Protein chains: 2
Amino acid sequence: MIDKSKVTLKDIAKELGISVSTASRALKAHPDIAKETVRAVKELAEKYQYVPNSLAISFRKKKTFNIGLVVPEIVHHFFSNIISGAIATANQSGYNVMVSQSNDVLQDEKAAVNAMLHSGVDGLLISISNETVLGEHIQELMHAGKPVVQMDKVTDHLKTPQVIVDDFDGAYQAVQHLIQNGYRKIAHFRGRPIVKNANQRYFGYLQALKDAGITPEKDWVKHCVQINEAEGYRFAKELLEGPNPPDAFFCITDLVALGVLRYLKEQKIEVPGEVGLMGFSNWKLAEISSPALSTVDQHGYEIGVRATQMLLDSLAGASISSDAITEIKTNLVIRESSGRKKVQQQTQEALVGNN
Amino acid sequence: MIDKSKVTLKDIAKELGISVSTASRALKAHPDIAKETVRAVKELAEKYQYVPNSLAISFRKKKTFNIGLVVPEIVHHFFSNIISGAIATANQSGYNVMVSQSNDVLQDEKAAVNAMLHSGVDGLLISISNETVLGEHIQELMHAGKPVVQMDKVTDHLKTPQVIVDDFDGAYQAVQHLIQNGYRKIAHFRGRPIVKNANQRYFGYLQALKDAGITPEKDWVKHCVQINEAEGYRFAKELLEGPNPPDAFFCITDLVALGVLRYLKEQKIEVPGEVGLMGFSNWKLAEISSPALSTVDQHGYEIGVRATQMLLDSLAGASISSDAITEIKTNLVIRESSGRKKVQQQTQEALVGNN
DNA sequence: CTGTTAGCGCTTTCAG
DNA sequence: CTGAAAGCGCTAACAG
């Protein structure tokens, strides 16, 4: 029943007939200490499998080497990638990561943040919930001197560094890619206007059209609320059965795009021959569908890594400007669904010339 | 620059002219303390926003109210569900969860477990890596008096409670379902024989065949190694092009099943009319495919919940028998791919009678 | 009902 | 080079 971790500095000091402070210093090879003493202490520590009591150290140093991480959902491809990157990075520097989720409910987020504050994390990584506006609970943590870094879902009300996806650019590239492949009547199934990411993607879409000299068509922009497969299906049907069908779809999410794809397949509409399709997020789903879905990869892992690095840096004393925004570039994952549109009357040359 | 959390018991004791211990007791409304004192202390605590220093408490009580959670992969539908369930449950009881992953690499798992041990978790939830055999690193933690509960990927070498999926029964039901729907020549694309779950599913498959009086066909059992979509495709092709094609496939995972499905669609083989198909895991993928894939849901969230409850119970002093095995029942998710086989010569009645 | 005392295990002045 | 001493903030005998 002997608990190894019960061996304390005092024990080894006593056995060696030295003081606790000397033992303490010897263990970290303090320059003041005689080599001989250092050796003896280390040897005994080894023998007894001395392991410093981290609770005492935390207490003493007011530092736990734990960081908190709160995301809206854990069971989510993008967020679990963020978590994974954050944990890998933190662990490398000897930090552990306490994870919690808000379920996009403000109350839950508050509870999670408070729990972490009280359990004494050294800093916090957070992707805020849909319902979070001011984030007083996060402010409180900051007041307690804990650095915070926001990731992906962010609010400017909080004066913290942000690591975000360059949604605008991702969307821009996606739409540009469609245009370059001969599609001109491009619909966009967007997300909710309160969500910054959704807006950025929408703006990217508009800009890409504009830069290609294409006038956007109001009716081709649909607002997803559920952001699921059924919505994609429904909107695709609606538009394609209408008087003015688009020839491509850029969707807020792969899931929505797969809904569109299902409709297209049902109608035996050739993809990408007749209609082009791009998703966003690069879920596993996109890789497996047939035709395989072109999409935009958001590099969730990378976001986790970068945000954690910033947090660790500021924990290490670096003063990070509180308005530093790190935009992680997406990258286009070109698969089958966005392949070149079949040319009818014009030659491809002419088409390309148009851009 | 006043740090709220700097207000200490001593401060409020001094201001009230009482001793620290009285203040301490008052705050937790110890029966010994005069109501008047309690009121005064609580009032002042409120006024100063006193928040107890959890580091000091942890130190004093040798308890952190943190539990550790280690899984092979975070970015994985099943595991992220487990994590989610564990965190929700732990949080409800005032515990935080420290998460880490092993990437199925023993070294990483050791590192993660040690980091958690040293950071002072009160207990550990773990799903071991493929490479873990004896788990001495986990033993070490147990020797330090920390309760451990294993989940899903488990080893009997560790004398801890286990919460696992009833893979045998899940597979049994899946295959039985195929049989009931008229399929008799059922192939199985299984996982690696060192993995317990894979074996259990295989045994369930065999048992279901046996109970239906069907003799298993060695050639119809294929060993997946990558466990990916391509393998499903490859094996399906191999078998269906061969001299003795099966009429149904039960796959170790949805991903593999989708590979099979891709081949079937390419060959314009009717699903489920000609060939039946069942996956395992119930990923999002399965819901979206067309035809939608029938599969087996493993209730990852539930596993996380149950395992955490056991851990919390034992942390609360309950003595849990170290060989308690909790098997979480799967459930059949019947979608399109396993629908009734088209009857050719026999009537359906006759077929059903056969079972 | 309340105060005194002691101490958790470690770090860190301050003196030698 | 080393030791003594103080103290982090809190709890818990023990003693009034």
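Residues numbered from 1 in each chain as written. Chains lettered and ligands numbered in written order. Predicted model: local features only at pLDDT ≥ 70, side-chain atom pairs only at ≥ 80, totals over all residues. Heavy atoms only, no water.

K.L.:
What exactly am I supposed to notice about the domain arrangement of chain A here?
P.N.:
Frequently, the measure chosen for interface size is the accessible area that the parts lose on association. Residue and element names in this part refer to chain A. Split by domain assignment, chain A resolves into domain 1 (9–52), domain 2 (64–160 + 300–327) and domain 3 (167–294 + 334–351). Centre-to-centre, using C-alpha coordinates, domain 2 lies 33 Å away from domain 3. Summed over both sides, the interface between domain 2 and domain 3 buries roughly 500 Å², with carbon and sulfur atoms accounting for 45% of that surface. Along the contact surface separating domain 2 from domain 3 lie zero salt bridges. The tally of links between domain 2 and domain 3 comes to one residue pair in polar contact (both at pLDDT 80 or more). Counted by class, the side of domain 2 that touches domain 3 contains one nonpolar, three polar and three charged residues. (Domains from an automatic or database assignment. Buried area = accessible area lost by both parts, 1.4 Å probe. Salt bridge = Lys/Arg side-chain N within 4 Å of Asp/Glu carboxyl O. Polar contact = N/O pair within 3.5 Å; in protein donor to acceptor, adjacent residues only side chain to side chain. Nonpolar A, V, L, I, M, F, W, Y, C, P; charged D, E, K, R; others polar.)

K.L.:
Even after reading the chapter, I still don't get the sheet that holds strand β9 (residues 276–278) of chain A, so can you show me in this structure?
P.N.:
Hydrogen bonds between backbone groups are what pair the strands of a sheet, and the pairing can be parallel or antiparallel. Residue and element names in this part refer to chain A. The strand order across the open sheet formed by four strands is β7-β6-β8-β9, and the pairing between neighbours is parallel. The sheet is open, and its two borders are formed by β7 (221–223) and β9, each paired with just one other strand. In this sheet, neighbouring strand axes are inclined to one another by 15 degrees on average, regardless of whether the strands run parallel or antiparallel. Alignment of strand β6 (residues 186–190) against β7, held across three bridges, turns out to be parallel. When the sheet's bridge partners are listed, R190 is paired in β7 with H223. Together, β6, β7 and β8 (248–251) form the strand contacts of helix α9 (residues 196–211), whose direction differs from that of β6 by roughly 170 degrees. (Pairing = 2+ DSSP bridges. Helix = DSSP H or I, 4+ residues; strand = E, 2+ residues; numbered from the N terminus. Axes fitted to C-alpha atoms, helices over the stretch in contact; angles between N-to-C directions. Contact = heavy atoms within 4.5 Å.)

K.L.:
I would appreciate a short explanation of the pairing of strand β5 (residues 162–165) of chain A in the present structure.
P.N.:
Two faces, one strand: in a regular strand the side chains alternate between the faces of the sheet. Residues and elements named next belong to chain A. Taking every second residue as pointing to the same face, both faces of β5 are buried, with Q162 and I164 on one and V163 and V165 on the other. Strand direction decides the pairing type here: strand β4 (residues 148–151) and β5, joined by two bridges, are parallel. Residue pairing across strands places Q150 opposite Q162, the latter belonging to β5. As defined by bridge partners, β5 adjoins strand β11 (residues 325–328) across four bridges and the pair is classed as parallel. (Buried < 20%, exposed > 50% of the residue type's maximum accessible area, 1.4 Å probe, protein only.)

K.L.:
What am I meant to see in the interface of chain A and chain B here?
P.N.:
Between chain A and chain B, the contact holds 42 residues from the first and 41 residues from the second. Between chain A and chain B, roughly 3500 Å² of surface is buried when both sides are summed, and carbon and sulfur atoms account for 64% of that area. Taken together, chain A and chain B are joined by zero salt bridges. On inspection of chain A and its partner chain B, the count reaches eight residue pairs in polar contact (both at pLDDT 80 or more). Those elements that provide at least two residues to the side of chain A that touches chain B are α4 (54–61), α5 (77–92), β2 (96–101), α6 (106–118), α7 (136–143), α11 (254–266) and α12 (284–288) of chain A.

K.L.:
Teacher, can you tell me more about the sheet that holds strand β8 (residues 248–251) of chain B here?
P.N.:
Residues and elements named next belong to chain B. One open sheet holds the four strands; their spatial order is β7-β6-β8-β9, and the pairing between them is parallel. The open sheet has two edge strands, β7 (221–223) and β9 (276–278), and neither has a second partner. Ignoring which end each strand starts from, the neighbouring axes of this sheet average 15 degrees apart. Sitting on the sheet, helix α9 (residues 196–211) is in contact with β6 (186–190), β7 and β8, with an inclination near 170 degrees to β6.

K.L.:
Looking at this structure, I do not really get the environment of V41 of chain A. What am I missing?
P.N.:
All names here are of chain A. If you trace the backbone, V41 turns up in helix α3 (residues 35–47). Taking C-alpha positions, V41 is 73 Å from R234, a pair spaced 193 residues apart along the chain. Excluding anything up to four places from it in sequence, V41 contacts I12, L16, I18, A23, A26 and L27.

K.L.:
In this structure, what is going on with the relation of the copies chain A and chain B? I would like to understand it.
P.N.:
Between the two copies of this chain, the relationship is a rotation about some axis together with a displacement along it. Screw-axis analysis of chain A against chain B gives a translation of 0.0 Å along the axis, an RMSD of 0.1 Å, and a rotation angle of 180 degrees. Here the symmetry operator amounts to a two-fold rotation axis. When C-alpha distances to the rotation axis are compared across chain A, the minimum falls at M98 of chain A, with a value of 2.1 Å. Comparing contact sets, 98% of the residues at the interface of chain A also lie at the interface in chain B, consistent with an isologous, same-surface contact. (Least-squares fit on C-alpha atoms with pLDDT ≥ 70 in both.)

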